[in-house]
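What follows is each chain in one-letter form.
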Amino acid sequence: MSVRSAITPAPVEVATAVEGFRLWPGALDAAAQAALAATVFARLRQAPPYRPLTPGGRPFSVEMSNFGPLGWVSDRAGYRYQATHPETGRPWPAIPSFLLDLWRRTVDWPGLPDACLVNLYREGARMGLHQDRDEADLGAPVLSVSLGDAARFRIGPAEGGTTTTVRLDSGDVCALTGPARLARHGIDRILAGSSRLLPGGGRLNLTLRVAGRGL
Ligand code: MD6
Ligand code: FE
């Protein structure tokens, strides 16, 4: 599976109210997208996507699973990383090596991520504005890969204020780095039917994190 060579030059530094949001538009070509989607769905058979509860007890509209030694979970006890799937009790499948290679080729960080959150958006799913701050080292970037239907991604400063909307298409890669690491961000909506990549439609988002000590 090849990462298009367009990944190696500098990413686009998107003009937002926060510095450090990087975008590599079309980083994955059609063949790489198809191969990665197949790998992800194969591993999800061992760790089925489920709808976590918010600490307030409402189910997320997004279905989630994880790859790697640690996975992000939410329930009435709060947000945290843990080594096992909350419904099956089994360890999460390994992070696909393609994603670790992508990390090495894009972000500037000495170690490797030890968690990959898998978000699956079927019809009507969205994700409210949030910050990613459950990781042990908030200096490490978070790298995101989008597959399937396009999404309207919204991002703004940690303190609140002006947000910018960015369209994320299948094959796009983006990162929250430096001052943007604690940016508030979310998915306003999915543009249903904009891609035919995923069986059953919808969008997959994979976010690589250094949640504990890293790999
Ligand atoms: C999504 N992404 O694209 C949700 N978090 O479905 C995120 O929450 C995210 O894109 C951290 C860094 C990049 C992201
Ligand atoms: Fe996030």
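Residues numbered from 1 in each chain as written. Chains lettered and ligands numbered in written order. Predicted model: local features only at pLDDT ≥ 70, side-chain atom pairs only at ≥ 80, totals over all residues. Heavy atoms only, no water.

1. Examining the site of ligand 1
Lining the immediate environment of ligand 1, one finds Tyr121, His130, Asp132, Val142, Ser144, Phe153, Leu176, His185, Ile187, Arg203, Asn205 and Thr207. Between ligand 1 and His185, the relevant distance is 2.8 Å, taken from a nitrogen atom to a side-chain nitrogen or oxygen of the residue. In isolation ligand 1 offers 350 Å² of accessible surface; the protein chains occlude 99% of this area. If you tally residues by element for the shell around ligand 1, the top one is strand S13 (residues 203-209), at 3 residues. Split into classes, the residues belonging to the shell around ligand 1 amount to 5 nonpolar, 5 polar and 2 charged. (Near = heavy atom within 4 Å. Polar contact = N/O pair within 3.5 Å; in protein donor to acceptor, adjacent residues only side chain to side chain. Areas by Shrake-Rupley, 256 points an atom, 1.4 Å probe, with all protein chains shown as cover. Helix = DSSP H or I, 4+ residues; strand = E, 2+ residues; numbered from the N terminus. Nonpolar A, V, L, I, M, F, W, Y, C, P; charged D, E, K, R; others polar.)

2. Side note on the layout of surface pockets
To locate leftover empty space, one rolls a probe as large as a water molecule over the atoms. Volume-wise, the largest pocket comes out at about 660 Å³. For the largest pocket, the lining is made up of 36 residues, of which Phe60, Met127, Gly128, His130 and His185 are closest to its centre. Those elements that provide at least two residues to the lining of the largest pocket are strand S6 (115-121), strand S7 (127-130), strand S8 (142-148), strand S11 (173-176), strand S12 (184-191) and S13. Taken together, the residues of the lining of the largest pocket break down into 17 nonpolar, 11 polar and 8 charged. (1 Å grid on protein atoms, 1.4 Å probe; cavity = no way out; pocket = protein on both sides within 12 Å on 5 of 7 lines; lining within 4 Å. Points joined across faces, edges and corners; volume = space filled by probe spheres on them.)

3. A closer look at the coordination of the iron ion (ligand 2)
Protein coordination at the iron ion (ligand 2) comes from His130 (NE2), Asp132 (OD) and His185 (NE2), with a distance range of 2.1 to 2.3 Å. Binding-site remark: the iron ion (ligand 2) is held by donors from one chain whose sequence spacing is H-x1-D-x52-H. According to the relative accessible area criterion, His130 is partly exposed, its value standing at 24%. Judged by its relative accessible area of 6%, Asp132 falls in the buried class. (Donors = N, O, S within 2.8 Å, 3.2 Å for Na, K, Ca; no water. Buried < 20%, exposed > 50% of the residue type's maximum accessible area, 1.4 Å probe, protein only.)

4. Quick word on the pattern of salt bridges
When the charged atoms of two side chains lie near each other, side chains of opposite charge can form a pair. Overall, the coordinates contain 7 salt bridges when judged by the stated rule. For the salt bridge of Asp132 with Arg209, the shortest nitrogen-to-oxygen distance reads 2.7 Å. Here Asp132 is found in the loop between S7 and S8, whereas its partner Arg209 is found in strand S13, with 77 residues between them in sequence. Arg209 shares its class with Asp132; the two are buried. Through salt bridges with shared partners, a single ionic network connects Asp132, Glu135, Arg181 and Arg209. (Salt bridge = Lys/Arg side-chain N within 4 Å of Asp/Glu carboxyl O.)

5. Details of the nonpolar core
Counting 32 residues, the largest nonpolar core has Leu36, Leu99, Leu143 and Leu206 as the members making the most contacts within it. Elements that contribute at least two residues to this core include exactly helix H1 (30-44), helix H2 (97-106), S6, S8, S11 and S13. The element that contributes the greatest number of residues to this core is H1, accounting for 6 residues. In this structure, Phe21, Leu117, Leu176 and Ile187 belong to the second largest nonpolar core, which totals 26 residues. (Core = buried A, V, L, I, M, F, W, Y, C linked by side-chain atoms within 4.5 Å.)

6. Some thoughts on the side chain of Thr106
Looking at the element boundaries, Thr106 is found in helix H2. Here the side chain of Thr106 touches Leu102 through a polar contact of 2.7 Å, landing on its backbone oxygen.

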